[in-house]
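Here is what each chain is made of, one letter per residue.
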Amino acid sequence: MSTIVRKLGIAILGCAVAAIAAMPSAASAQAEGTQNQTGPRLDFPAGLATDGVSVFAANSRNNTIDKINLTSHSISLLAGQLFKEGSTDGTGASAMFNSPSGIALIGQDLFVVDTNDSTIRKVSSSGTVSTIAGAVNIPGTDDGKGSVAHFNNPTQIAADPNGSRLFVTDSGSSTIRMITVPDYVVKTIAGQPQAEGKEDGPASKSSFNRPRGIATDGKVAYISDTGNNRIRKLDLSSMTTSTIAGTGEEGDKNGAGTEAQFNNLGAMATDGSTLYVMDADNHAIRKINTATSEVSTLTLVNGHIGSGCALSKDGKTLYFSDTTENGVYQVDTSNGNVSPVFPMQ
């Protein structure tokens, strides 16, 4: 299929939308992107990260971490054993994962949320995997260094631009965790363990409901508070949480943050001035002006897009994973035009 993007000036889902991504149906994707594809494949791609040369993908159902070259659009395995669940550290195919989700990049090292193992893993550029935090298959809420800490089905991860901290949505505990680098000490910085809610305020008071997506510019962390259909902001100097967008009701309304609506919020990315959010059940990529909290729709897509996204360093290209099409796509942030990264239709 030579073209998958059409620009339409229509109103859809109750709001005026500049562009719609007319990606192939799941059936045609299987025919074109899977049956005719040889070599490594994506199966439920989740978290993404990019260094400008490649896009790294958590190939969740395959239990691998893969690398997609942005020039050749070829894919290669970086770490993990295809179709095998586990927690073994090692290099390349000797390492094992169990439903990896979020990914963040610091220098040449990838940090991976190994969701079903409730651990955080590090993958070097050579594919060497080590577990830096959490205890395998021992979910919990304990803070501490390395394996002393416990997570409960963590989902997404974001890296401070200076590489000194990682931020994790610990979805099963409804908390936000911080990991300092390189000592890998884990601390709960927002939310009350095992207590779902929507309270704003300091760390001792704030609460979330199964948060998923997270992004940071180093000064604040933005959080997809999925169960509450709200976008939250965590000030990283005071550790105070506030709500910047979302009424809490399911919907697709754009506009001021206090009036906007979302439906099943997922992964997010930011360049500091704009926040991009995967609004999964609206099949929409939403954008939020971080200065004004104004919400708009960048583009609509046919597939399910909540599991992962990454922004290029210049902010011009947003990469996102589509778990219906089992592919990775890119969207031009200036006009909402979407094109495939892998597989190529």
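Bear in mind that the values here come from a model prediction, so they are computed numbers and not experimental data.

Next up on the list: unusual backbone geometry. The residue after Val 181, namely Pro 182, is reached through a cis peptide bond having omega 15°. Considering the arrangement of structural elements, one finds Pro 182 in the loop between strand S15 (175–180) and strand S16 (185–190). The step from Phe 342 to Pro 343 runs through a cis peptide bond, and the omega angle for that step is -10°. Within the secondary structure, Pro 343 sits in the segment after strand S28 (338–342). Positive phi, normally seen in glycine, also occurs at Asn 153, with a value near 50°. You can see Asn 153 is positioned in the loop between strand S12 (144–145) and strand S13 (157–159).

With respect to topology, 4 strands assemble into an open sheet ordered S25-S26-S27-S28, the strand pairing being antiparallel. Edge strands, defined here as strands with exactly one partner in the open sheet, are strand S25 (309–311) and S28. The average undirected angle you get between the axes of adjacent strands in this sheet is 25°.

On to the pairing of strand S26 (residues 317–322). Both faces of the sheet carry side chains from a regular strand, because those side chains alternate between them. In terms of burial, S26 is largely enclosed, as 6 of its 6 residues are buried. Side chains of S26 alternate between two faces, with Thr 317, Tyr 319 and Ser 321 and Leu 318, Phe 320 and Asp 322 buried alike. Taken together, the 3 bridges between S25 and S26 define a ladder with antiparallel strand orientation. What sits directly across from Leu 311, in S26, is Leu 318.

If you walk through the whole model with that rule in mind, you get 10 salt bridges. Of the charged contacts, one joins Asp 160 and Arg 165 as a salt bridge, the two residues approaching to 2.7 Å between their closest N and O atoms. Between Arg 177 and Asp 170 there is a salt bridge, with the nearest N and O atoms lying 2.7 Å from each other. Through salt bridges with shared partners, a single network forms among Asp 89, Asp 114 and Arg 121.

In this sheet, strand S5 (residues 64–69) lies alongside strand S4 (residues 54–59) in antiparallel orientation, the contact comprising 6 bridges. Within the sheet, the bridge partner assigned to Asn 59 lies in S5 and is Thr 64. Bridge analysis of S5 against strand S6 (residues 75–79) gives 4 bridges, and the strand direction is antiparallel. Looking at S6, one finds that Asp 66 is bridged to Leu 77. Counting the residues between successive antiparallel strands, the hairpin from S5 to S6 contains 5 residues, one of them, His 73, with a positive phi of roughly 60°.

Analysis parameters
Residues numbered from 1 in each chain as written. Predicted model: local features only at pLDDT ≥ 70, side-chain atom pairs only at ≥ 80, totals over all residues. Heavy atoms only, no water. Helix = DSSP H or I, 4+ residues; strand = E, 2+ residues; numbered from the N terminus. Pairing = 2+ DSSP bridges. Axes fitted to C-alpha atoms, helices over the stretch in contact; angles between N-to-C directions. Buried < 20%, exposed > 50% of the residue type's maximum accessible area, 1.4 Å probe, protein only. Salt bridge = Lys/Arg side-chain N within 4 Å of Asp/Glu carboxyl O.

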